[in-house]
Amino acid sequence: MSNLAFRLLPLVCLMPATVAMAAETILPTTVITASRIQQPLKQVLGDISVIERAELERYSGETVLEVLKTQAGIQIRGNGGIGKSSSIFMRGTNSSHTLVLIDGVRYGSASGGAPAVEHLPVEQIERIEILRGAAASLYGSDAVGGVIQIFTRQGQVRPQAFVSLGAGNYGSVQASTGISGTWGQTQAALTVSHSETDGVSAVSNSAGFGYDPDKDGYRNTSLGLNLSQKINAQLSVGATSLLAKVNNQYDGGIGHDSYNDGYNGAANLWATMRFSPQIQSDLKIGRSIDDNDNYGSGGKSSFKTEQTQYQLQNTADMGRFGTALLGLERLEQQIESDTAFAQTQRKVDSALLGYVFEHNQFSLQANLRHDQNSQFDNETTYSVGAGWRFLPTWQLGASMGTSFKAPSFNELYWPDEPFFKGNPSLRPETGKNHEVFVRHDTETIHTRLTAYQNEIKDLLAYQFPTTVNIDQALIQGLTLQADWQDGLWQVGGSYDFLDAKDRSIGANRNKQLTYRAKHTGMLYAGIAESNWQVRAEIEGANRRFTNPANTTHLGGYSLVNLSGSVDIRPDLTLGLRINNLFDKAYELTPNYGTLGTNGMLTLTYRPTL
């Protein structure tokens, strides 16, 4: 890539003053996603980051996708601006290799195979935990490249309400309001939000397929609820819900006002039973929905995925002998569509074991899971990791784990069409991941350097006119996360090197997998006072190949973003975010548009209750 700033990115990341995790990865006291057991950060062996509510405030009016695109180990591909269909490539794996959970409930499309995170608004989210690396031994199919768990907004100790209004260019506006708090043994949070934008033409090239010169807007109205009730010292119950109604316009050819309407989200009921100070059982019944009605040049088409999940998880704290986990799960996936699929449902029954151990300078984690899929053979996955704190602030560790991914209903059963048809002979993908890391943590410096290798067999890839199993793919990479924070100043970032190769026998052997840049990264610097803060960041990627033969590619890019806020008074905050400050022209998918300079000014009122 030609941009000088991005060429210097790896060197800057290695400077002692910035050796650490990014500010958004300064974690709370405990995390959950890395082991399904609450753990202090210093005991976590997995490569995990957390984006807290304070960081999400910077992205008012935007969706989870805009938050994720600057995170270490994640690359995205978009089709025309905010709310358009998008893909996440975590550690170079396919877009369907990242499992997304909402409060522990599996979210995504069983027909398309990938989760629509572009429809999840940040206004509804308390925090996001990102676990990189194979995690099928914890969560089953899809967790080949990692897991993203989204937690809905929670009730605070003190009752609090807020109203937020925002406006920006591209006709963008947002409004949200909510109330949260604790009343006796009841904790609750309720949030309603709306955002919309005129956007840009989804297809930007007049020679591109489906081009229409009009603007393709997007609207999102969402409702979030998080409720918990402590019955007594042994029993707590609760419910969570996040539902977004979206309207998304896209290009379907000149003169065709193409759009889709839909509902996306998840809900669950849960109960926590503590039989003794050492033994706890968690029961959860959850359901997620991905409901989409398309109105294109060919008429209306409908796709709806419902996933119902039953979980029973038992945890035993054995003191100095560690913590053990036993879980049972059932997942029921069903699709409804006016497209005729040969099969429309499947069931997965699972059992899992887990163990974490921490003693003096040594840490250990092991997991084993067995999945019985009604469409495929049974799959057993495992993972094991160990860490050694050889100095008080330094830790060295390694882990390995296996994974698998079942093909989607589209890949298996889509009716014959000129450009795509299903392939019922597809096999599940299987993977084996190895990684090593070194971590350094002090009061002001947080650093992690991770090297990994993920070997995937029977990788699913589109080869006209259908999906096929590539014999093998080999993905190797290096991730450096860094942050230095002291007093007013915050400086840090991340750098990723990725080598994702097709290892199948054929003409494309040793070619790079499509849409994976070898070099990506982000740098930021900020100042935070008691009543104001400001931050500048640069994100970038080098070229990405767009075809399996590696004969065509997209150019590299670097974007500069600014954000800041000031407290006008204790209960009134003015915030501003500007993306792509220098109006860089770039593409994430050939012929599809991206936003130029864009921003939003937000006013938030938090009255005292």
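So, here's what we can say about the structure. (Residues numbered from 1 in each chain as written. Predicted model: local features only at pLDDT ≥ 70, side-chain atom pairs only at ≥ 80, totals over all residues. Heavy atoms only, no water.)

## Things to note about the packing of aromatic side chains
Tallied over the entire structure, the rule returns nine aromatic pairs. Seen from their ring centres, Tyr259 and Tyr295 are 4.8 Å apart, and the 20 degrees between their planes marks the pair as stacked. Pair noted here: Tyr259 is in strand E15 (residues 257-274) and Tyr295 is in strand E16 (residues 279-296), with a separation of 36 residues, a long-range link. For Tyr259, a relative accessible area of 28% translates into the label partly exposed. Judged by centre distance (5.8 Å) and plane angle (75 degrees), the rings of Phe341 and Trp414 are edge-to-face. Taken as a pair, Phe341 in the loop between strand E18 (323-337) and strand E19 (345-359) and Trp414 in the loop between helix H6 (409-413) and strand E23 (429-441) lie far apart in primary sequence, 73 residues in all. There is no split in this pair, since Phe341 and Trp414 are both buried. Connected via pairs of aromatic rings, a cluster forms that spans Phe303, Phe341 and Trp414. (Phe/Tyr/Trp six-rings, centres within 6.5 Å; stacked < 30°, edge-to-face > 60°. Helix = DSSP H or I, 4+ residues; strand = E, 2+ residues; numbered from the N terminus. Buried < 20%, exposed > 50% of the residue type's maximum accessible area, 1.4 Å probe, protein only.)

## With respect to the sheet that holds strand E9 (residues 146-152)
Spatially, E3-E8-E9-E6-E7 is the arrangement adopted by the five strands of the open sheet, whose pairing is mixed. Strands at the two margins of the open sheet, each flanked by one partner only, are strand E3 (47-51) and strand E7 (105-107). Within the sheet, the average angular offset between the axes of one strand and its neighbour, ignoring direction, is 25 degrees. Bridge count between strand E8 (residues 125-132) and E9: seven bridges; the pairing is antiparallel. Counted as the bridge partner of Arg127 is Phe151 from E9. (Pairing = 2+ DSSP bridges. Axes fitted to C-alpha atoms, helices over the stretch in contact; angles between N-to-C directions.)

## A closer look at the pairing of strand E5 (residues 86-90)
The buried count for E5 comes to five of five residues, which makes it a mostly enclosed element. Of the two faces of E5, the one holding Ser86, Ile88 and Met90 and the one holding Ser87 and Phe89 are both buried throughout. Pairing analysis gives five bridges linking strand E4 (residues 74-78) to E5, with the strands arranged antiparallel. Bridge pairing in E5 places Gly78 opposite Ser86.

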